[in-house]
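As a plain string of letters, each chain reads:
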Amino acid sequence: MTVSSTKKLAELRRIVSLACDDALDERQKEQIERLLDEDRDLIPYYISMVQVDSLVEQSCGLSVLAPTGLGGESLLDQPHVESPTSEAENSASSRSPESDYVDVAASRHSGARGRRGPKFPKVKTRGFGISITTAAGFLVAASLLIAFGVQVVRWSLPAAHVVAMHAADWGDEGSLEVGSAVRGSWNRLESGTVHLSFRRGAMVAITGPALFRATSPNSCDLVYGSLSAHINEEAVGFRVDTEEASVVDMSTGFRMTVDTDNNVSVHVTKGSVEMMRQGDSTGVELGAGEVGAYAARDASISKAVAEHVRVEGQIVYRETHPASLGYRAFVEDDLINLFLESHRLKLPHDVMLNLVDTGWYDQLGDAAGFAKAGQEVDCYLLHSSPQRRRHVVRGTVKFPRRIVGVICETDRLNATNSSLGSAWSLACMHPERGMESAPDLSSDIISISPDRRTLSVVMRTESIDQLRVLVEAN
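Residues numbered from 1 in each chain as written. Predicted model: local features only at pLDDT ≥ 70, side-chain atom pairs only at ≥ 80, totals over all residues. Heavy atoms only, no water.

*Asks:* It is not clear to me how the overall build of the protein chain should be interpreted in this structure. Could you clarify?
*Replies:* A count of helices and strands for the protein chain gives eight helices and 28 strands. Counting the 474 residues in the protein chain, one finds 53% classified as buried. Within the protein chain, counting contacts between residues at least 6 apart in sequence, those at least 24 apart form 63% of the total. Total accessible area on the protein chain stands at roughly 20,400 Å², and carbon and sulfur atoms take up 49% of it. (Helix = DSSP H or I, 4+ residues; strand = E, 2+ residues; numbered from the N terminus. Buried < 20%, exposed > 50% of the residue type's maximum accessible area, 1.4 Å probe, protein only. Contact = heavy atoms within 4.5 Å. Areas by Shrake-Rupley, 256 points an atom, 1.4 Å probe, with all protein chains shown as cover.)

Set out below in structure tokens:
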């Protein structure tokens, strides 16, 4: 890129930044058009900037994902099909004058917040050497469908986009990046977590090792791995197919695991799902707090309430997950709330623990040991936050199996959100969420019984206290 082009690109970034903040005036809008007309090599950069802004807004829940406009509804229900070459190479004579422009501001929506999105100018593609159905036009179409809505629906669109990743390792077979389109090809995730946003609005987190692919704007295949899903109203009916079973959402949040022997485990955290064998039209309905299991050896599906822990004192077990556990986001005076975060989770890596041995503790921030990679655990979260005043709460939890260890220090809690947490619920990154050690005035106490099945806590806080308990899986 020449010095002149570099300066123009810097100016383009500055103006597009204003557009992303909804601060673009008509003069600056014309300036973008002039820059793109003067230097056609800037068009891919412009398209990328718009798409990144779309992805950020989508992942933060600031924009409605379902496209609207001419033909939008029918397009949503169609699985992804690659465009034929002849469609991508339509001659200019077959297009109307308006088809030489892509209106990036077309019909943008903002969701419940009532926020009007930034206004971007039209991008003139005539003379750039491609039609709107080829690479650059396809990229614009993807970003439009994510956050802006569509006026023109002739493109073949990806089923989903990557909106976030945590320590993702794709091995030697290629990789996805934040912003990547996800279509019908298989993706092998060796480790880490990738967050996908499907075009109908489903938000899905997949943790490796996993083999998956997106099959439509509202479905995916999972051969093995762990998946957590958050489904909004537009995405009701989201479907996950495994080799031998299927899970169909009915407005819910759920987590599921598939092992290499095709056994499937599902834990519903909100709403309900239907779990069925491949080829069946109906199956078993699971509600919040229930788990379902498909056993490949006899092709059977079983249903049960997630193994209830026994609680005493001021601890309450919650089957339904709230969206957030940040300070004052989920507040109950004089109570400790207990959630099952992850069911039958195979640890993707060694996990550092603050408490491992049996005994009574008031020093809670040190590293005491590790839970080993590959071990299967159930992960529970204890949460307490007073609404109006400082409180001291106490309680005891008896788990169905042995405690592997406890995580109770703030940084370790935050660091394990993606690997141990529920991905789309119980969200919290509060700087005071961990437990305090003596002699702090708000010091807390934790004890693990000699049989490693009972945990007792004393929580003193005026903001928020949390801890994670890893328990051997069944």
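There is more to say after this.
*Asks:* Looking at this structure, how should I read the pairing of strand S26 (residues 445–448)?
*Replies:* Moving residue by residue along a regular strand, the side chains alternate between the two faces of the sheet. Taking every second residue as pointing to the same face, both faces of S26 are buried, with Ile445 and Ser447 on one and Ile446 and Ile448 on the other. Two elements, S26 and strand S27 (residues 454–461), share four bridges in a ladder whose sense is antiparallel. Following the sheet pairing, Ser447 is matched in S27 by Ser456. (Pairing = 2+ DSSP bridges.)

*Asks:* Teacher, can you tell me more about the sheet that holds strand S19 (residues 336–346) here?
*Replies:* Strand pairs in the sheet, formed through backbone hydrogen bonds, run parallel or antiparallel to each other. Spatially, the five strands line up as an open sheet ordered S18-S19-S23-S28-S25, and their pairing is mixed. Edge positions in the sheet fall to strand S18 (315–318) and strand S25 (403–407), since each of these pairs with one other strand and no more. Taking the axes of each pair of neighbouring strands and ignoring which way they run, one obtains an average angle of 25 degrees across the sheet. Pairing of S25 with strand S28 (residues 465–472) involves four bridges; the strand directions are antiparallel. Bridge pairing links Val406 to Val469 in S28. (Axes fitted to C-alpha atoms, helices over the stretch in contact; angles between N-to-C directions.)

*Asks:* Got a minute to help me understand the packing of aromatic side chains in this structure?
*Replies:* When we look at a pair of aromatic rings, we describe it by the centre distance and by the angle of the planes. If you walk through the whole model with that rule in mind, you get four aromatic pairs. A ring pair is formed by Phe198 and Phe238, whose centres lie 5.2 Å apart and whose planes are at 70 degrees; its orientation type is edge-to-face. Of this pair, Phe198 sits in strand S6 (residues 191–198) while Phe238 sits in the loop between strand S8 (219–230) and strand S9 (239–241), placing them 40 residues apart in sequence. (Phe/Tyr/Trp six-rings, centres within 6.5 Å; stacked < 30°, edge-to-face > 60°.)

*Asks:* I'm lost on the pattern of salt bridges in this one. Help?
*Replies:* Where charged atoms from two side chains of opposite charge approach closely, those side chains can pair. With the rule as written, the count across this model stands at 13 salt bridges. The partner of Glu290 in a salt bridge is Lys303, and the shortest N-O contact between them spans 3.7 Å. Note that Glu290 is positioned in strand S15 (residues 290–295) and Lys303 in strand S16 (residues 300–305), a separation of 13 residues in sequence. A salt bridge links Arg344 to Glu376; the shortest N-O distance between them is 3.6 Å. (Salt bridge = Lys/Arg side-chain N within 4 Å of Asp/Glu carboxyl O.)

*Asks:* Can you help me understand the environment of Gly289 in this one?
*Replies:* With respect to the helices and strands, the residue Gly289 is situated in the loop between strand S14 (284–287) and S15. Each C-alpha atom of the pair Gly289 and Ala304 lies 9.0 Å from the other, and the pair is 15 residues apart in sequence.

*Asks:* What is the right way to look at the nonpolar core in this model?
*Replies:* Note that soluble globular proteins tend to have their nonpolar side chains buried in a common cluster. Within the largest apolar cluster, 36 residues are counted, with the highest numbers of intra-cluster contacts made by Phe198, Phe212, Leu227, Phe254, Met256 and Val266. Contributing elements (two or more residues each) for this core: strand S3 (160–169), S6, strand S7 (203–216), S8, strand S10 (245–249), strand S11 (253–258), strand S12 (264–270) and strand S13 (272–277). The contact partners of Phe212, leaving out residues within four places of it in the chain, are Trp170, Leu176, Ser185, Trp186, Asn187, Leu189, Val194, Leu196, Ile206, Asp221 and Leu222. Formed by 25 residues, the second largest nonpolar core is a distinct cluster that contains Val309, Leu338, Leu455 and Val469. (Core = buried A, V, L, I, M, F, W, Y, C linked by side-chain atoms within 4.5 Å.)

*Asks:* Explain unusual backbone geometry here, please?
*Replies:* A negative phi holds for most residues other than glycine; trans holds for most peptide bonds. Note the cis peptide between Gly208 and Pro209, where omega equals 5 degrees. Assignment of secondary structure puts Pro209 in strand S7. A cis amide bond, omega 10 degrees, links Ala438 with the succeeding residue Pro439. With respect to the helices, strands and loops of the structure, Pro439 is situated in the loop between helix H8 (417–420) and S26. One non-glycine residue with positive phi stands out, namely Asn262, at about 75 degrees.

*Asks:* Just to check I follow, could you spell out the sheet that holds strand S24 (residues 391–398) for this structure?
*Replies:* One open sheet accounts for five strands, arranged S17-S24-S27-S26-S21; its pairing is antiparallel. The open sheet has two edge strands, strand S17 (310–313) and strand S21 (359–361), and neither has a second partner. Each strand axis lies, on average, 15 degrees off the axis of its neighbour in the sheet, ignoring direction. When S21 meets S26, the two strands line up antiparallel, connected through three bridges. Along S26, the bridge assignment pairs Tyr361 with Ile446.

*Asks:* Any chance you could explain the confidence of the model for the protein chain here in plain terms?
*Replies:* Interpretation of the predicted coordinates at a detailed level should be avoided for regions scoring low in pLDDT. Model confidence for the protein chain is summarised by a mean pLDDT of 78, while 76% of its residues fall at 70 or above. Low pLDDT (under 50) marks residues 59–155, which in the prediction has 205 contacts with non-local residues, meaning those over four places away or in another chain. (pLDDT = per-residue confidence, 0-100.)

*Asks:* What should I look at first to understand a negative patch on the surface in this one?
*Replies:* Side chains of Asp25, Glu26, Glu30 and Glu33 sit close together on the surface and give a patch of like negative charge. On the secondary structure map, Glu33 appears in helix H2 (residues 26–38). (Patch = residues over 30% accessible without salt bridge, like charges linked within 9 Å, V, L, I, M, F, W, Y side chains within 5 Å. Lys, Arg positive; Asp, Glu negative; His and termini not counted. Charge placed at Lys NZ, Arg CZ, Asp CG, Glu CD.)

*Asks:* Help me understand the side chain of Ser425, please; the structure alone is not making it clear to me.
*Replies:* Mapped onto the fold, Ser425 is located in the loop between H8 and S26. Relative accessible area serves as the criterion here: at 12%, Ser425 is assigned to the buried category. Among the polar contacts made by the side chain of Ser425, one reaches the side chain of His321 at a distance of 2.9 Å. Ignoring anything within four residues of it in the chain, the contact list for Ser425 reads His321, Pro322 and Ala323. (Polar contact = N/O pair within 3.5 Å; in protein donor to acceptor, adjacent residues only side chain to side chain.)

*Asks:* Looking at this structure, I do not really get H2. What am I missing?
*Replies:* It helps to recall that an α-helix has 3.6 residues per turn; residues three or four apart then point in one direction. Between its terminal C-alpha atoms H2 stretches 18 Å, which fits the 18 Å expected from 13 residues at 1.5 Å a residue. Looking at H2, one finds that the buried residues are Gln28, Gln31, Ile32, Leu35 and Leu36. Seen end-on, H2 carries its buried residues on one side only, within an arc spanning 130 degrees. In this structure, H2 carries Glu26, Arg27 and Glu30 as exposed residues pointing more than 90 degrees from its buried face. One side-chain oxygen at the N-terminal end of H2 lies 3.2 Å from the backbone nitrogen of Arg27; it belongs to Asp25. (Expected span 1.5 Å × (residues − 1). Arc of directions from axis to C-beta.)

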